[in-house]
Amino acid sequence: PTTVPPTTTTTTSVAPITTLPTITTEPPSTTTTSTSTTLVVQAPARQQQVPPPADEHAREPVIEVGSIAIPKLDVDMTMYEGIRLSTLEHGPGHWPGTAMPGELGNLVVGGHRTSGHQVFRNVDQLVAGDEIVFRDDAGEHTYLVDRVEVVDPSAVWIVDPTETATATLFACHPPGSTAQRIVVFADLVGG
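Reference entry: report on the structure contained in this document. (Residues numbered from 1 in each chain as written. Predicted model: local features only at pLDDT ≥ 70, side-chain atom pairs only at ≥ 80, totals over all residues. Heavy atoms only, no water.)

Let us look at the overall build of the chain. A tally of regular secondary structure across the chain gives 1 helix and 13 strands. Reading the chain from its N terminus to its C terminus gives the helix and strand order β-β-β-β-β-β-β-α-β-β-β-β-β-β. Here the analysis covers contacts within the chain between residues at least 6 apart in sequence; of these, 58% occur between residues at least 24 apart. Counting only carbon and sulfur atoms, one obtains 52% of the accessible surface of the chain, whose full area is about 10,300 Å². (Helix = DSSP H or I, 4+ residues; strand = E, 2+ residues; numbered from the N terminus. Contact = heavy atoms within 4.5 Å. Areas by Shrake-Rupley, 256 points an atom, 1.4 Å probe, with all protein chains shown as cover.)

Okay, here's the thing in structure tokens:
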């Protein structure tokens, strides 16, 4: 007689996150089913506490992480890791802990409108459907603008994680003032 092993289920999961603001990037779950085994595997989330910098004037290392292009605005610049003013003087800055280009989650990038390089000077001209292209070691990633909003500087919800691949660009608003922030929301093409 042949003995058939019993059906087994193995589940790996990640505990919910309860501290805000926290950036979490979770790859989708994968389920494999056969006649005798069901396996649910979820890769561990990448989590980091990423509140705004306590001292926006502090120096941080200058690290290139790729580039950003906004064809409608004739923008094509190197992008750096960090959002402190010392980094933004070099070019647009990737908010540490947020998604990288092409990844699931919210890719957050800050830049100047009137000082330094002025990479986001004309982001108020972007409309739904305009392209934002990120290039990094993994390739080229195109996002399409969904909407542009003006928010208060306290609106840190703009860096909240998303379940889909999104990009959020932000800068001071109006040009020459820090009274508000202009925010561009975009979605990864095919994401």
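Picking up after the structure, the text goes on.
Further remarks concern unusual backbone geometry. That bond from H173 to P174 is cis: its omega, -10 degrees, falls within 30 degrees of zero. Structurally, P174 is set in the loop between β12 (165-173) and β13 (180-188). Although it is not a glycine, D74 sits at a positive phi angle of roughly 55 degrees. Inspection of the secondary structure puts D74 in the loop between β6 (64-70) and β7 (75-81). The class for D74 is exposed, based on a relative accessible area of 74%. A positive phi angle, close to 55 degrees, is found at Q118, a residue other than glycine. Relative to the assigned elements, Q118 resides in the loop between β9 (105-110) and β10 (131-136). Classification of Q118 by relative accessible area gives partly exposed; the value is 36%. (Buried < 20%, exposed > 50% of the residue type's maximum accessible area, 1.4 Å probe, protein only.)

With that settled, consider the pairing of β13. Within β13, 7 of the 9 residues are buried, which leaves the element mostly enclosed by the surrounding structure. Pairing of strand β11 (residues 139-151) with β13 involves 8 bridges; the strand directions are antiparallel. Across the sheet, the residue bridging to R147 is F185, located in β13. Sheet analysis places β12 next to β13, joined by 8 bridges and oriented antiparallel. Looking at the pairing, C172 lines up with R181 of β13. Between β12 and β13, which pair antiparallel in sequence order, lie 6 residues; one of them, G176, sits at a positive phi of approximately 90 degrees. (Pairing = 2+ DSSP bridges.)

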